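# Residue-level structure breakdown
Here is what each chain is made of, one letter per residue.
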Amino acid sequence: MLDNTLISAATANESTARPPKGNITSNKEEYESEDPVSINFSLSTPKDGVSNYRIGIFMRTTHPQGGSIPPIMGLPLCSNEGSSSSNCLTSDNITTGLVTFSEETIKHMMPNVGAHWPIDFDQWGTEFDVYVLDGGGDGVVGPVKFNVMRNDTH
């Protein structure tokens, strides 16, 4: 069994065209199939803010490709809807926070899109990469990786 060490990933692209640089972590490397997944993030706040930024979950080794590939599931980086799915703080041009993917938060934040938690493992597999996505869907921080242990794999 893997320990609960924080897994950290630096910005995938250090290009000056994408000013946000930061860090993204998951509190576990391996989750049980029904577990909520919490992702911590920290990034340089872009000039136009982070109101259109999201945390996106992708199949392992699938990259956002400049926003041309949508995530399996995504939640706002900073929610203004009073949801417990995300909290963030901006100070000294650094935005930090936590986004949690769970049955409750998916129902609250994505009620009209038919999304559900957990992800359909038969369709998407059990190994995932997570990115901070800008307003155009491009990955600006990440990935951090996590795996899911299905009930039938124990």
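Residues numbered from 1 in each chain as written. Predicted model: local features only at pLDDT ≥ 70, side-chain atom pairs only at ≥ 80, totals over all residues. Heavy atoms only, no water.

Moving on: the overall build of the chain. Within the chain one finds 2 helices and 10 strands. Start at the N end of the chain and walk to the C end: the helices and strands fall as β-β-β-β-β-β-β-β-α-α-β-β. Residue burial in the chain is summarised as follows: out of 154 residues, 43% are buried. Residue pairs at least 24 apart in sequence account for 59% of intrachain contacts in the chain once pairs closer than 6 positions are excluded. (Helix = DSSP H or I, 4+ residues; strand = E, 2+ residues; numbered from the N terminus. Buried < 20%, exposed > 50% of the residue type's maximum accessible area, 1.4 Å probe, protein only. Contact = heavy atoms within 4.5 Å.)

We now examine the pairing of strand E10 (residues 139-149). Burial within E10 is extensive, with 8 of its 11 residues counted as buried. Where strand E3 (residues 30-32) and E10 come together, 3 bridges link them in parallel fashion. Bridge assignment links Glu32 to a residue of E10, and that residue is Met149. The pairing of strand E9 (residues 127-133) with E10 spans 6 bridges and is classified as antiparallel. By the bridge assignment, Val130 is partnered in E10 with Val144. The hairpin formed by E9 and E10 contains 5 residues between the paired strands, and Gly137 there has a positive phi angle of roughly 90 degrees. (Pairing = 2+ DSSP bridges.)

The next subject is the nonpolar core. Of all hydrophobic cores here, the largest spans 31 residues; its most connected members are Ile55, Leu77, Phe101 and Val132. Elements represented by at least two residues in this core include exactly strand E4 (37-44), strand E5 (54-59), strand E6 (73-76), strand E8 (94-101), helix H1 (103-109), E9 and E10. Broken down by element, the residue count for this core peaks at 5 residues, all from E10. Excluding anything up to four places from it in sequence, Val132 contacts Ile24, Phe41, Leu43, Tyr53, Arg54, Ile55, Leu77, Asp138, Gly139, Val140 and Val141. (Core = buried A, V, L, I, M, F, W, Y, C linked by side-chain atoms within 4.5 Å.)

In space, the 5 strands of this open sheet follow the order E3-E10-E9-E5-E6, with mixed pairing throughout. The sheet terminates laterally at E3 and E6, the two strands that pair on one side only. Going across the sheet, the axis of each strand differs from the next one's by a mean of 30 degrees, ignoring polarity. When E5 meets E6, the two strands line up antiparallel, connected through 4 bridges. Following the sheet pairing, Ile57 is matched in E6 by Met73. (Axes fitted to C-alpha atoms, helices over the stretch in contact; angles between N-to-C directions.)

One pass over the full model with this rule turns up 5 salt bridges. Arg60 is paired through a salt bridge with Asp129; the nearest N and O atoms lie 2.9 Å apart. Here Arg60, found in the loop between E5 and E6, pairs with Asp129, found in strand E9; they are 69 residues apart in sequence, far enough to count as distant. Relative accessible area serves as the criterion here: at 1%, Asp129 is assigned to the buried category. Of the charged contacts in the structure, one is a salt bridge between Asp129 and Lys145, with a shortest N-O distance of 3.4 Å. (Salt bridge = Lys/Arg side-chain N within 4 Å of Asp/Glu carboxyl O.)

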